[in-house]
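Tertiary structure, described
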Amino acid sequence: MSTSLFEMEPPARPSKDILGAGTAVLAGFALDAEEELLASLKDVVERSPFRNMVTPGGFRMSVAMSNCGPLGWVTDRTGYRYDQIDPEVNRPWPAMPRAFRELATAAAEEAGFPNFVPDACLINRYEPGARLSLHQDKNERDFTQPIVSVSLGLPATFLFGGLERGDKTQRIQVIHGDVLVWGGSARLCYHGIAPLKEGEYPRLGRVRYNLTFRNVG
Ligand code: MD3
Ligand code: FE
């Protein structure tokens, strides 16, 4: 039992609520499931390989993507959408692996969102130099549903802004095993990923993966 308030130390890395209501940084939350997550990731991308999609404006994205679960996020010259079919292979996206789904639900619950059932998992692959410019996630129907983001491999700098594109951004470092939950008033905030720094992660190589879980209805 602690004897005095003054003996209580802050955690080495903040674990919750640093970005405001409805958001949580769960440092290392994915580490216990690491082996299953990496094995499941391999299975998924064997069936729906990573590809660099094209934006409606005609730019090839530097981040390579795949999806699993009933719905997958896609972009092409006609716009952004969630689709049941992987347009590269003309088949439904691979099923969402149990380890993915269970981690997402547990992280959401930890952040105060019980009963989160993801129906979409976007898998982003960053190589050094790849970036995701500042954007809002607005293709989902229900903004009361949180978004769960799992970081694997090389570290990255997350840019977290406000409700307007020009708002000041905070920089948040995320490393292998970190899980971030975005909900509540943060759900429509601008965000992005700074260009990935050169590096090599044991077992995975020169790469960062991010799993983004959503309920898109
Ligand atoms: C903050 N991906 O795919 S999700 C994306 O690291 C995307 O690849 C990030 O942004 C990545 O759209 C991680 C992080 C995220 C998602 C939704 C948010 C952050 C958010 C909604 C509001 C505020
Ligand atoms: Fe996003």
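The chain carries the name Alpha-ketoglutarate-dependent dioxygenase AlkB in an unreviewed UniProt entry, which gives Terriglobus saanensis as its organism.

On to the nonpolar core, then. Phe100, Cys121, Ile123, Val148, Val150, Leu211 and Phe213 are the most contacted members of the largest nonpolar core, which totals 32 residues. Per-element accounting of this core gives the leading share, 6 residues, to helix α2 (residues 98-110). Not counting the four nearest positions on each side in its chain, Ile123 is found in contact with Leu41, Val44, Phe50, Ala64, Met65, Ser66, Asn67, Cys68, Phe100, Asn210 and Leu211. Among the nonpolar cores identified, the runner-up in size contains 29 residues, and Met61, Met65, Trp73 and Leu154 belong to it.

This next bit is on the packing of helix α1 (residues 34-47) against α2. Packed helix pairs are specified by the crossing angle of their axes together with the interaxial distance, meaning the distance between the axes. Where α1 contacts α2, the axes come no closer than 8 Å and their chain directions differ by 130°. One element, α1, and the other, α2, form an angle in the oblique class. Together, Glu36, Leu37, Ser40 and Leu41 of α1 and Ala99, Phe100 and Leu103 of α2 make up the contact between the two elements. The residue inventory of the contact of α1 with α2, partitioned by class, reads 5 nonpolar, 1 polar and 1 charged.

If you trace the backbone, Trp73 turns up in strand β3 (residues 72-76). Overall, the relative accessible area of 11% leaves Trp73 in the buried class. Taking the C-alpha atoms as reference points, Trp73 and Asn139, 66 residues apart in sequence, are found 8.9 Å from one another. Ignoring anything within four residues of it in the chain, the contact list for Trp73 reads Met53, Met61, Met65, Asn67, Tyr80, Arg81, Tyr82, Leu122 and Asn139.

What follows deals with the sheet that holds strand β2 (residues 64-68). Here 6 strands make up an open sheet; going across it, the order is β1-β12-β9-β14-β7-β2 and the pairing antiparallel. Each having just a single partner strand, β1 (23-26) and β2 make up the two edges of the open sheet. Put simply, the sheet's adjacent strands are angled 15° from each other on average, direction ignored. With respect to the sheet, α1 is in contact with β2, β7 (120-126), β9 (147-153) and β14 (208-214), its orientation differing from that of β2 by roughly 100°.

The UniProt record marks His135, Asp137 and His191 with the feature "binding site: Fe cation" (unreviewed entry), using the residue numbering of this structure. Of the residues just listed, which span 57 residues, no C-alpha pair is farther apart than 8.7 Å, and they cluster in one region. Looking at the element boundaries, Asp137 is found in the loop between β8 (132-135) and β9. Contacts of Asp137, omitting those with residues within four sequence positions, involve Phe143, Ile147, Arg187, Leu188, His191 and Arg214. In this structure, His191 sits in strand β13 (residues 191-193). Ignoring sequence-local partners within four residues, the contact set of His191 consists of Ser133, Leu134, His135, Gln136, Asp137, Phe158 and Leu159.

Under ideal tetrahedral coordination, the four donors around a metal are separated by 109.5 degrees; under ideal octahedral coordination, the six donors are separated by 90 or 180 degrees. Distances from the iron ion (ligand 2) to its protein donors, His135 (NE2), Asp137 (OD) and His191 (NE2), fall within 2.0 to 2.2 Å. Written as a sequence motif, the donor residues of the iron ion (ligand 2) are H-x1-D-x53-H. One end of the pair, His135, is in strand β8; the other, His191, is in strand β13, and 56 residues separate them in sequence.

Moving on, we come to the site of ligand 1. Close contacts around ligand 1 come from 20 residues, with Asn124, Tyr126, Ala186, His191 and Arg208 the closest. Between Arg208 and ligand 1, the recorded distance is 2.9 Å, taken from a side-chain N or O atom to an oxygen atom. Contact with the protein chains hides 97% of the accessible area of ligand 1, taken as 500 Å² for the molecule alone. Within the residue set of the shell around ligand 1, elements represented by two or more residues are β7, β8, β9, β10 (156-160), β13 and β14. Per element, the largest residue contribution to the shell around ligand 1 is 4 residues, and it comes from β14. Tallied by class, residues from the shell around ligand 1 come to 10 nonpolar, 6 polar and 4 charged.

Let us now look at the pairing of strand β4 (residues 79-83). Looking at chain direction, β3 and β4 are connected through 5 bridges and run antiparallel. Residue pairing in the sheet places Asp76 in a bridge with Gly79 of β4. A loop of 2 residues connects β3 with β4, the two strands running antiparallel in sequence.

So, how was this worked out
- Residues numbered from 1 in each chain as written.
- Chains lettered and ligands numbered in written order.
- Predicted model: local features only at pLDDT ≥ 70, side-chain atom pairs only at ≥ 80, totals over all residues.
- Heavy atoms only, no water.
- Core = buried A, V, L, I, M, F, W, Y, C linked by side-chain atoms within 4.5 Å.
- Buried < 20%, exposed > 50% of the residue type's maximum accessible area, 1.4 Å probe, protein only.
- Helix = DSSP H or I, 4+ residues; strand = E, 2+ residues; numbered from the N terminus.
- Contact = heavy atoms within 4.5 Å.
- Axes fitted to C-alpha atoms, helices over the stretch in contact; angles between N-to-C directions.
- Parallel < 35°, antiparallel > 145°, perpendicular 65-115°, else oblique.
- Nonpolar A, V, L, I, M, F, W, Y, C, P; charged D, E, K, R; others polar.
- Pairing = 2+ DSSP bridges.
- UniProt positions renumbered as here; feature names shortened; annotations may be inferred.
- Donors = N, O, S within 2.8 Å, 3.2 Å for Na, K, Ca; no water.
- Near = heavy atom within 4 Å.
- Polar contact = N/O pair within 3.5 Å; in protein donor to acceptor, adjacent residues only side chain to side chain.
- Areas by Shrake-Rupley, 256 points an atom, 1.4 Å probe, with all protein chains shown as cover.

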